[in-house]
Amino acid sequence: MNDPKRRPARPAAGASHASAPNPGSGTARKKKSRAGLVWGVIWRLVVVLLSIAVIFSSVVAVMMSMYVVKVTANDSSLLNLDNLKLSYSSTIYSTNPTTGATEPYQRLVDNADRIWVDGNKIPDNLKNAFIAVEDKTFLTNNGVNYKRTVSAAANLVLSKLTGGKIKLYDTEQGASTITQQLIKNITGDDDHDALRKVREIFRAISLNGRYSKDTILEAYLNTVGFVGNTCGVQACSYNLFDKDVSQLTLAQCATVAAITNNPTKYNPRTEPDNNLQRRNLILDLMLEQGYISQADHDAAVAEALTLVDPTAKQNTAKVGNNSYFTDMVIDQVISDLVSKGVCATRNEASALLYNGGLAIYATVDTNLQSIMEDVMSKEPGNYYPDRTVDYTDANGNTTKLNVQGAMITIDYTGAIRGVVGGVGTKTEDRSLNRATDSVRQTGSTMKPIGAYSLGIDYDYINYSTPFMDSAFKQIDKDGKQVDWPRNYSNTYTDKNMLVCDALANSINTVAVRAGNLVGPDALFDFMTNTLGITSLVEDDGAGHTDLDLGPLVLGSMTKGVSLAEMAHAYMMFGDGGTVTPLHCYTTVENIQTGEVLLDNTLLPTTRAIGEDTAMIMNKLLRNVMTEGTARSTKSSTIDGMETIGKTGTTSDDKDHWFIGLTPYYVTATWMGYDQPIELPWKGSQYSLHPPTLAWKDVMTRVQENYEFKAFPTAPTGTVVTAEYCTESGGLANPSCPSKKTGYYKKDKLPDPCTIHVG
């Protein structure tokens, strides 16, 4: 009997059960179910991983975006191509003397190695040469060549792995486009970190969207580096061919374009064969890309590489063509950038000056400067005679020296308005400026600023005080006792001479006696601490000192004084007794940020002498022009305005000076040899005094049509006029045979004349 609970017997192995619907279906379903579970798990894992990847990518993208935004935050100003010309070159500005408008005076270039040239002056052949070899898709790409970027990256990886044996992409063009190279030139971002190329790509795309291709190419060609510190195609053209970039031939254009890939390897001066090979390659590329014809190509390839001899350049040396004023501004700004703590060293300050995009607002009066240059550059023999002498130095070397001269003009605010540092045409930039850089013995121009002005200020002397015109003492000279001081005439009157007459005629004996009343200590302190003369020597440790009457009264000092410092000292006689520091610029500003780096607008004014003393000294110096040593020049008035001044001549006629004042200007002029040797002539030419004539010419021309102006006077009642006896210097009485009008402090009138009693 069949047991209903008994399970069917398992078929024998290999038995056929055709009638069975699907004897293995249960197992298959189980396997399929397990497989489904596995794939489900895998799929879910893939989805999770993809989600994580998306999240990670999003985070990376956000972080990258934040990074790009951060590192390019200042790109709108940093990569401002409109201001690129200014940001790479500093500009000196002047004030138009007629309109008062601020105008560019001179753009500074660093040793003629960075000279901006407008794009329309760059020949097409030069532009196309760079495009052909550096970035053939420049005109159509968006600032980045992605194919070259990827290929360059692959090349780099394979080169590292295979030791340079395998390359996927071989081209004369690198990965960076012209736009990317421009960005590197501007930003200086040449770091080797992994994100530099990312920064560069984003910046290139942005720059390409903001500027035209012409603007980008112009900027690139003006910033691309060449050999040494030469920067830009204009400077390169001058350095190699001594001509403007607009004059380059096709072959020369290719020569210039060949350098930048590797300036050392392709330097045409040191590696001419390498440069020629790359030059001809560039010409091939230009032909291939349709920029030139076959005939032009063949002619350029056949052209020899001909470079100008650096010592024979005619144009490059004059690229800067600085005036003496510009040179002075450059030197002063560099010094002030260091002294004010803006820069740590002069090298750093120089780099900032030339490449930092500074706006320097100079005090130059362009009309006055031009007139001074014209007068001082006239052919020798006009004012400054053409007298060449042989000079033998201590080592036995002989050189030829010609008569030199210099001139500096300031106004009563301390602003330097014009400067010329030599006679003749200026041929070098930043050459010797004899008005500011040289110190010379000053001769009689020293007398007014110490002995006479302090004598009156301290009430030791007055306008007509009498002093004996005789030797003050004897000194040892060459083993003999000789009278000192000697007058220029080598004679003494051995009579009393009045201060007014002695100053007008530059009598040494009277000046020394007046200075002795003041004393060397007081004179030295006044000249150094009040007037700011920096070259006087108190004790140099070698037995030399200027703390004596000879140096401080007669100008026979150890070193000398510059024209600039003498003009500054004389300022007090035309400005009521005050002095203000000299300056050749008002402010120096950073063009990009607007920051004022240096400021001379609030310089202190110092009272040197009283207003009453200044007025009396002004009248005494007036006598020099009317009846004294400068009377022969007939320059007592210029354009209807009074002038005052003082001549000066050192021992043995080594230096001739004149310091002249008008109500507008103080001018110091000098004539001599660069080495202190005797001027080899006397007579009519000397008697007319060349420095004084040059000053008169300049002032006559510059003050033409100026509004009338008078010198300042002391407050009413503090200075009075009175007649004095020309013999005794005392107040004149009816018995005095000769009388003149003098100027005195109200409470310091001279005593009545005692030698003429009626």
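Everything below is about the structure shown above.
Participant: Would you explain the overall build of the chain in this entry?
Facilitator: On a plain count of helices and strands, the chain comes out with 24 helices and 22 strands. A total of 758 residues make up the chain; the buried ones form 47% of that total. When contacts within the chain are restricted to residue pairs at least 6 apart in sequence, those whose partners lie at least 24 apart make up 68%. Accessible area of the chain: about 36600 Å², with a carbon and sulfur share of 51%.

Participant: What exactly am I supposed to notice about unusual backbone geometry here?
Facilitator: Of note, the amide linkage connecting Trp484 to Pro485 takes the cis form, showing an omega dihedral of -5°. Mapped onto the fold, Pro485 is located in the loop between strand E10 (480-484) and strand E11 (496-498). Even without a glycine there, the phi angle at Arg430 is positive, about 55°. With respect to the helices and strands, the residue Arg430 is situated in the loop between strand E7 (416-420) and helix H16 (448-457). Even without glycine at this site, Asp652 takes up a positive phi of about 60°. Within the fold, Asp652 resides in the loop between strand E18 (644-649) and strand E19 (655-661).

Participant: Looking at this model, I keep getting lost on a nonpolar patch on the surface. Mind explaining?
Facilitator: Taken together, the side chains of Val38, Trp39, Ile42, Trp43, Val46, Val47 and Leu50 make up a nonpolar region of the molecular surface, amounting to roughly 700 Å² of accessible area. In this structure, Trp39 sits in helix H1 (residues 25-71). Taking relative accessible area as the criterion, Trp39 reaches 61% and is therefore assigned exposed.

Participant: Please explain the environment of Lys121 as it appears in this structure.
Facilitator: Within the secondary structure, Lys121 sits in the loop between strand E2 (102-107) and helix H4 (124-134). Between the C-alpha atoms of Lys121 and Asp244, which are 123 residues apart in sequence, the distance is 9.2 Å. Apart from residues no more than four positions distant in its own chain, Lys121 is found in contact with Val245 and Ser246.

Participant: Please explain helix H10 (residues 250-259) as it appears in this structure.
Facilitator: Three- or four-residue spacings in an α-helix give side chains the same orientation, since the helix completes a turn every 3.6 residues. Counting buried positions along H10 yields 10 of 10 residues, so the element is predominantly enclosed. Listing the buried residues of H10 in full gives Leu250, Ala251, Gln252, Cys253, Ala254, Thr255, Val256, Ala257, Ala258 and Ile259. Structurally, H10 contributes buried residues whose contacts are with H4, helix H9 (233-241), helix H11 (272-288) and helix H12 (294-302).

The rules behind these values
- Residues numbered from 1 in each chain as written.
- Predicted model: local features only at pLDDT ≥ 70, side-chain atom pairs only at ≥ 80, totals over all residues.
- Heavy atoms only, no water.
- Helix = DSSP H or I, 4+ residues; strand = E, 2+ residues; numbered from the N terminus.
- Buried < 20%, exposed > 50% of the residue type's maximum accessible area, 1.4 Å probe, protein only.
- Contact = heavy atoms within 4.5 Å.
- Areas by Shrake-Rupley, 256 points an atom, 1.4 Å probe, with all protein chains shown as cover.
- Patch = residues over 30% accessible without salt bridge, like charges linked within 9 Å, V, L, I, M, F, W, Y side chains within 5 Å.
- Salt bridge = Lys/Arg side-chain N within 4 Å of Asp/Glu carboxyl O.

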